[in-house]
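A structural walkthrough
Here are the chains, one letter per residue:
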Amino acid sequence: MRKVIYLYTKLAPKKHTIILCTGNKNKLKEFIQIMGDQFHIDSEPVDLPELQGPPLQIAKEKALLAYEKMGKACVTEDTSLCFNALNGMPGPYVKWFLDAAGPEGLSKMLDGFEDKTGYAQCILSYMGPELKEPLQFVGQTQGVIVRPRGPRNFGWDPIFQPDGYTDTYAEMDKDVKNKISHRLKAIQKFIDHFLVN
Ligand SMILES: O=c1[nH]c(=O)c2ncn([C@@H]3O[C@H](COP(=O)(O)OP(=O)(O)OP(=O)(O)O)[C@@H](O)[C@H]3O)c2[nH]1
Ligand SMILES: [Mg+2]
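The structure presented is a predicted model; accordingly, all values stated were derived computationally and were not measured.

**As for the overall build of the protein chain**
Regarding its fold elements, the protein chain presents 6 helices and 7 strands. Each helix and strand of the protein chain, ordered N terminal to C terminal, gives the series α-β-α-β-α-β-β-α-β-β-β-α-α. C-alpha extents for the protein chain along the principal axes are approximately 70 × 35 × 25 Å. Of all 197 residues assigned to the protein chain, the portion counted as buried reaches 36%. Long-range contacts, defined here as pairs at least 24 residues apart, represent 56% of the contacts in the protein chain between residues at least 6 apart.

**Notes on the site of ligand 1**
In the vicinity of ligand 1, 17 residues are found, and the nearest of them are Thr22, Asn24, Lys95, Gly155 and Asp157. Put simply, the parts of the chain that give the shell around ligand 1 at least two residues each are strand E3 (74-83) and helix H4 (94-108). Broken down by class, the residue content of the shell around ligand 1 amounts to 5 nonpolar, 5 polar and 7 charged.

**Description of the pairing of strand E2 (residues 39-44)**
Two faces, one strand: in a regular strand the side chains alternate between the faces of the sheet. The sheet contact formed by strand E1 (residues 16-21) and E2 spans 6 bridges and is parallel. Counterpart to Thr17 in the pairing with E2 is His40. Tracing the backbone out of E1, into helix H2 (residues 25-35) and back to the parallel element E2 gives a crossover that is right-handed.

Rules and cut-offs
- Residues numbered from 1 in each chain as written.
- Chains lettered and ligands numbered in written order.
- Predicted model: local features only at pLDDT ≥ 70, side-chain atom pairs only at ≥ 80, totals over all residues.
- Helix = DSSP H or I, 4+ residues; strand = E, 2+ residues; numbered from the N terminus.
- Buried ≥ 20, exposed ≤ 12 C-beta atoms within 10 Å, placed from the backbone.
- Contact = placed C-beta atoms within 7 Å.
- Near = placed C-beta within 6 Å.
- Nonpolar A, V, L, I, M, F, W, Y, C, P; charged D, E, K, R; others polar.
- Pairing = 2+ DSSP bridges.
- Right-handed = clockwise from strand over helix to strand, strands pointing away.

Note that all results are geometric; they support no functional claim without further evidence.
Structure (structure tokens):
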């Protein structure tokens, strides 16, 4: 019996726990779908103030605030939707644009521009007691901004159509989004870093 238990713990080692500080249930869901097989994801729904500035700086401050609040190693995520015709805006401020204008209004912002291209960006930040500054992992997916198509349960998913696809993020199966998304790419870099270090 002892041998069996030993073998079992060897073959099925306990998953590492990652604490994700986010108030966004859809982000959490995607984290679990993407990395739930490899890690146990614990979430803390802390409402963190977000400062103004370049995306990496905003994400860094968010990670430091989360770490200060939690008092232990944790992960935060900051997501941007960037329009090339607007030199990257609304970017990290997309949440406020969405709240004010909805997906329609957001897509109409590009009506006066020929260039409808843009990109979704995820900055994953990890801060722990062994670090002076957060580690940051950036994932980007290029695409075009379209009029809303598909379910409206997650942010700007209905107006973002990734390059090489005819569906918006909202129209595609979750499995497909999670294989090409900005979030997947940032998580992949995060996992690669911790696997080699
Ligand atoms: O269609 C979408 N597909 C996505 O994959 C996605 N990821 C985030 N978002 C939205 O973009 C804003 C980012 O702001 P954000 O990073 O500050 O997030 P948040 O404030 O909701 O949560 P958090 O800061 O507590 O983690 C918020 O409106 C999010 O709802 C997405 N919308
Ligand atoms: Mg936020």
